[in-house]
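# Examination of the molecular architecture
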Amino acid sequence: MIRTRRRKADCRLGTSALEFSLTAPALLIVIFCSCEFARISMMRNIAQNAAYEAARTSIVEGATNAEGVAEAERILARIGAQGATITINAGQEFDIDTDAVVARIEIPMEQNAFFFPMFYEDKTIVAESSLRTERYNGFYDSNLN
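It should be emphasised that the depicted structure is a prediction, and the values quoted were computed from it without experimental measurement.

What follows covers the pattern of salt bridges. Side-chain pairs of opposite charge can arise whenever the charged atoms involved come near each other. For the structure on display, the rule yields four salt bridges. A salt bridge links Arg-56 to Glu-53, with the shortest nitrogen-to-oxygen separation between them at 3.6 Å. Taken as a pair, Arg-56 and Glu-53 lie in helix H2 (residues 15-58) at a separation of three residues, close to a single helical turn. You can call Arg-56 partly exposed: its relative accessible area is 44%. When its relative accessible area of 18% is taken as the criterion, Glu-53 is described as buried.

Written out as structure tokens, the structure is:
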């Protein structure tokens, strides 16, 4: 009686290792894909935030394109975004007649993917934000006291 129980237990020794070796790759792929999708979502959200903050920085009177770009770069540096293209008003400087500021950020996914960059060739996250300027366009002349 003791021998038969021992034989049945000996026959099952490699079963757990075999089952793990069959299911582990699928489990790892699910984990890596979850991390990759979380990264994409995080980059999309931070790109939108950076575009808004760049436009917000640029709408103030006296602000320049460079200040807006610097603000967007500061925010994108939080997640280590590489190769981002930041344009404000299509690269044109502001003047007194500028009514709105449009900040556009493009982040290439191929350079920013963690695990599967080959799936993101020619894919780009694009975020754009448009705000009206705070430049006064009325009859008030600040030179008159």
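A word on helix H3 (residues 65-76). With twelve residues, H3 extends 17 Å between its outermost C-alpha atoms, agreeing within 8% with the 16 Å of an ideal straight helix rising 1.5 Å per residue. Considering only its buried residues, H3 is in contact with H2, strand S1 (85-88) and strand S2 (100-108).

On to the nonpolar core, then. In terms of nonpolar packing, the biggest core is built from 25 residues, with Leu-76, Ile-88, Ile-105 and Ile-107 touching the most fellow members. When residues of this core are traced back to their parent elements, those giving at least two are H2, H3, S1, S2 and strand S3 (124-132). For this core, the leading source of residues is H2, giving seven residues.

With that out of the way, let us pick up the confidence of the model for the protein. Summarising the model, the protein shows a mean pLDDT of 85, and 84% of its residues fall at 70 or more. Mean pLDDT across the elements of the protein bottoms out in helix H1 (residues 2-11) (61) and peaks in S1 (95).

Before going further, it helps to examine the environment of Met-43. Summarising the element assignment, Met-43 is placed in helix H2. Look at Met-43 and you get buried, because its relative accessible area is 0%. Remark: the alpha-carbon pair of Met-43 and Ala-81, spanning 38 residues in sequence, is separated by 7.8 Å. Excluding residues within four positions of it along the chain, Met-43 makes contact with Ile-79, Ala-81, Ile-107, Met-109, Asn-112 and Ile-125.

On to H2. Given 3.6 residues per turn, any residue in an α-helix points the same way as the ones three and four places further on. Between its first and last C-alpha, H2 extends 64 Å over 44 residues, near the 64 Å set by a 1.5 Å rise per residue. Of all the bends in H2, the greatest, near 35°, is centred on Thr-23, and the proline Pro-25 appears no more than four residues after it.

Right, let's talk about the side chain of Asn-89 for a bit. Tracing the backbone through its elements, the reader meets Asn-89 in the loop between S1 and S2. Judged by relative accessible area, Asn-89 falls into the buried class, the value being 15%. The contacts of Asn-89, once residues within four sequence positions are left out, are Phe-94, Thr-98, Ala-100, Val-101 and Val-102.

All chains considered together, the criterion is met by zero disulfides. Unpaired in this structure, Cys-33 has its nearest cysteine sulfur neighbour in Cys-35, at a distance of 9.4 Å. Given a relative accessible area of 26%, Cys-33 falls into the partly exposed group.

Scoring rules and cut-offs
- Residues numbered from 1 in each chain as written.
- Predicted model: local features only at pLDDT ≥ 70, side-chain atom pairs only at ≥ 80, totals over all residues.
- Heavy atoms only, no water.
- Salt bridge = Lys/Arg side-chain N within 4 Å of Asp/Glu carboxyl O.
- Helix = DSSP H or I, 4+ residues; strand = E, 2+ residues; numbered from the N terminus.
- Buried < 20%, exposed > 50% of the residue type's maximum accessible area, 1.4 Å probe, protein only.
- Expected span 1.5 Å × (residues − 1).
- Contact = heavy atoms within 4.5 Å.
- Core = buried A, V, L, I, M, F, W, Y, C linked by side-chain atoms within 4.5 Å.
- pLDDT = per-residue confidence, 0-100.
- Bend = angle between axes of the 7 residues up to and from the residue.
- Disulfide = S-S within 2.5 Å.

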